[in-house]
Amino acid sequence: MDDWDNFYLLAGGTAGTLIGLIFIVITLGIEHSQSGDSDRTHRFVTPILVHFTSLLVIALAMVAPTSAATRAVALGVIGCAGLAYVMNLALISRRRAKSDERELVWDVLLPIASYALIATAAAAWALQASFANAIGAAAVVILLIAALRNSWMITLAIAGRGKGRGGR
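A quick note: this is a predicted structure, and the numbers were derived from the prediction, not measured.

About the cut-offs
- Residues numbered from 1 in each chain as written.
- Predicted model: local features only at pLDDT ≥ 70, side-chain atom pairs only at ≥ 80, totals over all residues.
- Heavy atoms only, no water.
- Helix = DSSP H or I, 4+ residues; strand = E, 2+ residues; numbered from the N terminus.
- Contact = heavy atoms within 4.5 Å.
- Areas by Shrake-Rupley, 256 points an atom, 1.4 Å probe, with all protein chains shown as cover.
- Patch = residues over 30% accessible without salt bridge, like charges linked within 9 Å, V, L, I, M, F, W, Y side chains within 5 Å.
- Salt bridge = Lys/Arg side-chain N within 4 Å of Asp/Glu carboxyl O.
- Expected span 1.5 Å × (residues − 1).
- Buried < 20%, exposed > 50% of the residue type's maximum accessible area, 1.4 Å probe, protein only.
- Phe/Tyr/Trp six-rings, centres within 6.5 Å; stacked < 30°, edge-to-face > 60°.
- Lys NZ or Arg CZ within 6 Å of the ring centre and 35° of its normal.
- pLDDT = per-residue confidence, 0-100.

Our focus in this paragraph is the overall build of the protein. Broken down by element type, the protein carries five helices and zero strands. Along its sequence from the N terminus, the protein presents helices and strands in the succession α-α-α-α-α. Taking as baseline every contact in the protein between residues at least 6 positions apart, the subset at least 24 positions apart corresponds to 78%. Taken as a whole, the protein presents about 8800 Å² of accessible surface, with 67% of it coming from carbon and sulfur.

What follows is the structure in structure tokens.
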């Protein structure tokens, strides 16, 4: 685990910083709110915050001086909770979102893959497999990329509203 400390510190620091930036973007965009924004916030912004928070908690679990079993339990809880959250969100979005608002790969498939890898990393940690860190790191990178991309799209949509254009 010693070789991976910096990776998880960087991922956690990035996630924490981006959580703050999302709050700033949303605060600046409030003056341009439109009808239905509350529902869109729950379907698009809240998941981004959940993903960044998951990354932050994963980083905390990974750098904490704890046993492999405790790390496995923490990752298992995060992975299973994340899977349940994204699948529930996908079902809700399927019913409520317009077809041009949904992006299956970025909003559903990549987060599901990431949380499934986190759960797999938990099992690998429980079995003390040598590849546990690699699986966890792959999951973190996938979730970070998906959350970054989605936060960028939300930022562009909010910025576009300030210029009189609608968006996601």
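Right, let's talk about a nonpolar patch on the surface for a bit. Taken together, the side chains of Leu21, Ile24 and Leu28 define a hydrophobic patch exposed on the protein surface, amounting to about 300 Å² of accessible area. Along the chain, Ile24 turns up in helix H1 (residues 5-29).

The next point concerns H1. Over its 25 residues, H1 runs 36 Å from end to end, which matches the ideal 36 Å to within 8%, given 1.5 Å per residue. Every buried residue belonging to H1 is among Tyr8, Ala11, Gly12, Ala15, Leu18, Ile19, Ile22, Val25 and Gly29, and all of these are buried.

Of note in this structure, Gln128 is not a glycine but carries a positive phi near 55°. Relative to the assigned elements, Gln128 resides in the loop between helix H4 (104-126) and helix H5 (132-162). With relative accessibility at 65%, the residue Gln128 sits in the exposed group.

Scanning the entire structure with this criterion turns up three aromatic pairs. Considering the side-chain rings of Trp4 and Tyr8, the 6.5 Å spacing of their centres and the 45° angle between planes classify their relative orientation as tilted. Under the relative-accessibility criterion, Trp4 is labelled partly exposed at 28%. With a centroid separation of 5.0 Å and an interplanar angle of 85°, the aromatic rings of Phe7 and Tyr8 are classed as edge-to-face. By relative accessible area, which is 1% here, Tyr8 ends up buried. What links up through ring pairs into an aromatic cluster is the set Trp4, Phe7 and Tyr8. Its guanidinium or amino end placed over the ring of Trp125, Arg71 lies 4.7 Å from that ring's centre, counting from NZ or CZ.

Moving on, we come to the pattern of salt bridges. Between side chains of opposite charge, pairing is possible as soon as their charged atoms come close. One pass over the structure, following the stated rule, counts one salt bridge. A salt bridge links Arg149 to Glu103; its shortest N-O distance comes to 2.4 Å. Residue Arg149 is located in helix H5, and its partner Glu103 is located in the loop between helix H3 (68-96) and H4; the two are separated by 46 residues in the primary sequence.

Attention shifts here to the confidence of the model for the protein. Residues shown with low pLDDT carry predicted positions that ought not to be read at fine detail. Per-residue pLDDT for the protein averages 88, and the proportion of residues at 70 or more is 89%. Averaged over each element, pLDDT in the protein is lowest for helix H2 (residues 37-63) (88) and highest for H4 (96).

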